[in-house]
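Read off the chains here:
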Amino acid sequence: MINVARVPDDIRILATKKENKDAKVRFVLNEKQLKTVTANQNIQNVVLPLSLAKQEAVLSFLAECKCNIYLTLPAVCREAMWDSISKNIGLVNGKVNIKGYYVNQFDSLSYMKKNGISGEICGDIHLYCMNAYAATEISSYTDSYTLSVELNAEEMKHMPMALAEIMIYGRYPLMNTANCVFLTHGKCQKKNGEAFTLIKDRKGSMLPIIGNCTESICYNTVYNSVPTSLHRNASVISSLEPHALQIRFVDENPKQINEVLSLFDASFAKNHCPSESFAYTNGHYKRRVE
């Protein structure tokens, strides 16, 4: 049950910033993205799926990585999956110093707490945080939480920011579905562990689909056709003093990743915003949910 008590006036000072100087958190989905992101000497925080981290080649790479490593748990966690998830967490933790975990569900949060998984517990984008009451409740169980992508600029100003993370770049995950697109078309990808394709919506836009395919789980995530990018709103977002800023990569190649990283380094660190070469949207930043 959500606690609807008044949000404390001093909630902004209840927690400190991340220990490192770099307040940006970069999310990646594959090995090539991971290596591209970590090649940048200024990168201190990187987040990757548990399913990717357990791969032998990636484990070896992470063991030598100088960044703070965070893992994301699946957006969909069913009861039958936890034995496999626990095994993989143990496998990765045995070889890599994991800073923390991003969780998408309350049952995932409960599992991590009950089983004493060490490290920071961060609320991911699916752990819905639309108002200050939800933020207060979620932050009582986590080290940070992700603001709902449906909040606009004015609504963000009324959120407690001490533990808040804001997605400043990335494709919105529109939905998760257990109805597998790949299986429906007779192209099951369980042996590959992951899959990627595009579908066309009624307006002709192409939406990326990532297949999360393992022995114990199968679901697809459908993403927006273009990324949300708030690089032209850097000064306002910085003035909110959030806990961290998220940059999320889905299908970007190394060239696109480096452009995005340079763009946000310039806009947030140097107060200079060069022109971008990619199509993007401001999402809900300038409009309310209708």
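Enquirer: What is the right way to look at the pattern of salt bridges in this model?
Expert: A side chain of one charge can pair with a side chain of the opposite charge when the charged atoms of the two come close. One pass over the full model with this rule turns up five salt bridges. A salt bridge links D124 to R248, with the nearest nitrogen and oxygen atoms 2.5 Å apart. Residue D124 is located in the loop between β5 (120-123) and α6 (132-139), and its partner R248 is located in strand β13 (residues 244-248); the two are separated by 124 residues in the primary sequence. The residues D124 and R248 share a single accessibility class, namely buried. For R232, the salt bridge identified is with E276, shortest N-O distance 3.1 Å. With a gap of 44 residues between them, R232 in the loop between β12 (228-229) and α9 (234-239) and E276 in the segment after α10 (254-269) connect regions that are remote in the sequence.

Enquirer: Even after reading the chapter, I still don't get the packing of aromatic side chains, so can you show me in this structure?
Expert: Aromatic ring pairs are reported here in terms of the distance separating the ring centres and the angle at which the planes meet. Tallying each qualifying case throughout the model produces seven aromatic pairs. Between Y169 and F278, the ring centres sit 5.9 Å apart and the planes meet at 85 degrees, which makes this aromatic pair edge-to-face. A residue pair is termed long-range when its members are at least 10 positions apart, and Y169 in strand β7 (residues 164-170) and F278 in the segment after α10 qualify at 109 residues. What makes Y169 buried here is its relative accessible area of 2%. Every member of this aromatic cluster is reached through a ring pair, and the members are Y169, F249, F264, F268 and F278. Positioned above the aromatic ring of F27, the side-chain terminus of R248 is 3.8 Å from the ring centre.

Enquirer: Help me understand the sheet that holds strand β11 (residues 218-223), please; the structure alone is not making it clear to me.
Expert: As a general point, the strands of a sheet are linked pairwise by backbone hydrogen bonds and lie either parallel or antiparallel. Strand order in this open sheet of four strands is β8-β11-β10-β9, and the pairing throughout is antiparallel. Lying at the two open borders of the sheet, with one neighbouring strand each, are β8 (173-177) and β9 (194-200). On average, each strand axis in the sheet is tilted by 20 degrees relative to the strand beside it, whichever way the strands run.

Enquirer: Quick question: what am I supposed to make of the packing of helix α1 (residues 31-38) against helix α3 (residues 56-64) here?
Expert: The relative placement of two packed helices comes down to the angle between their axes together with the axis-to-axis distance. Look at α1 against α3: their axes get within 11 Å of each other, and the N-to-C directions meet at 10 degrees. Between α1 and α3, the angle falls in the class roughly parallel. Note that α1 runs across α3; the crossing there is left-handed. Judged by residue contacts, E31, L34, K35 and T38 of α1 engage A57, V58, F61 and L62 from α3. Partitioning the contact of α1 with α3 into residue classes produces five nonpolar, one polar and two charged.

Enquirer: What is the right way to read the confidence of the model for the chain from this model?
Expert: Any residue range with low pLDDT should be treated as having predicted coordinates unsuitable for detailed reading. Considering every residue of the chain, the mean pLDDT works out to 85; 89% of them sit at 70 or more. A low-confidence stretch, residues 1-20 (pLDDT under 50), is modelled with 38 contacts involving residues beyond four sequence positions or located in other chains.

Enquirer: So what exactly am I meant to see when it comes to a nonpolar patch on the surface here?
Expert: A cluster of nonpolar residues, F196, L198 and M206, forms a patch on the protein surface that exposes about 270 Å² of accessible area. Within the secondary structure, L198 is located in strand β9. On the basis of relative accessibility, which here comes to 42%, the residue L198 falls in the partly exposed class.

Enquirer: How should unusual backbone geometry be read in this particular structure?
Expert: Trans peptide bonds make up most of the peptide bonds, and negative phi angles are found at most residues other than glycine. Positive phi is not limited to glycine here, since E241 has a value of about 55 degrees. Structurally, the position occupied by E241 is in the loop between α9 and β13. Overall, the relative accessible area of 56% leaves E241 in the exposed class.

How each quantity is defined
- Residues numbered from 1 in each chain as written.
- Predicted model: local features only at pLDDT ≥ 70, side-chain atom pairs only at ≥ 80, totals over all residues.
- Heavy atoms only, no water.
- Salt bridge = Lys/Arg side-chain N within 4 Å of Asp/Glu carboxyl O.
- Helix = DSSP H or I, 4+ residues; strand = E, 2+ residues; numbered from the N terminus.
- Buried < 20%, exposed > 50% of the residue type's maximum accessible area, 1.4 Å probe, protein only.
- Phe/Tyr/Trp six-rings, centres within 6.5 Å; stacked < 30°, edge-to-face > 60°.
- Lys NZ or Arg CZ within 6 Å of the ring centre and 35° of its normal.
- Pairing = 2+ DSSP bridges.
- Axes fitted to C-alpha atoms, helices over the stretch in contact; angles between N-to-C directions.
- Parallel < 35°, antiparallel > 145°, perpendicular 65-115°, else oblique.
- Left-handed = near helix turned anticlockwise from the far one by under 90°.
- Contact = heavy atoms within 4.5 Å.
- Nonpolar A, V, L, I, M, F, W, Y, C, P; charged D, E, K, R; others polar.
- pLDDT = per-residue confidence, 0-100.
- Patch = residues over 30% accessible without salt bridge, like charges linked within 9 Å, V, L, I, M, F, W, Y side chains within 5 Å.
- Areas by Shrake-Rupley, 256 points an atom, 1.4 Å probe, with all protein chains shown as cover.

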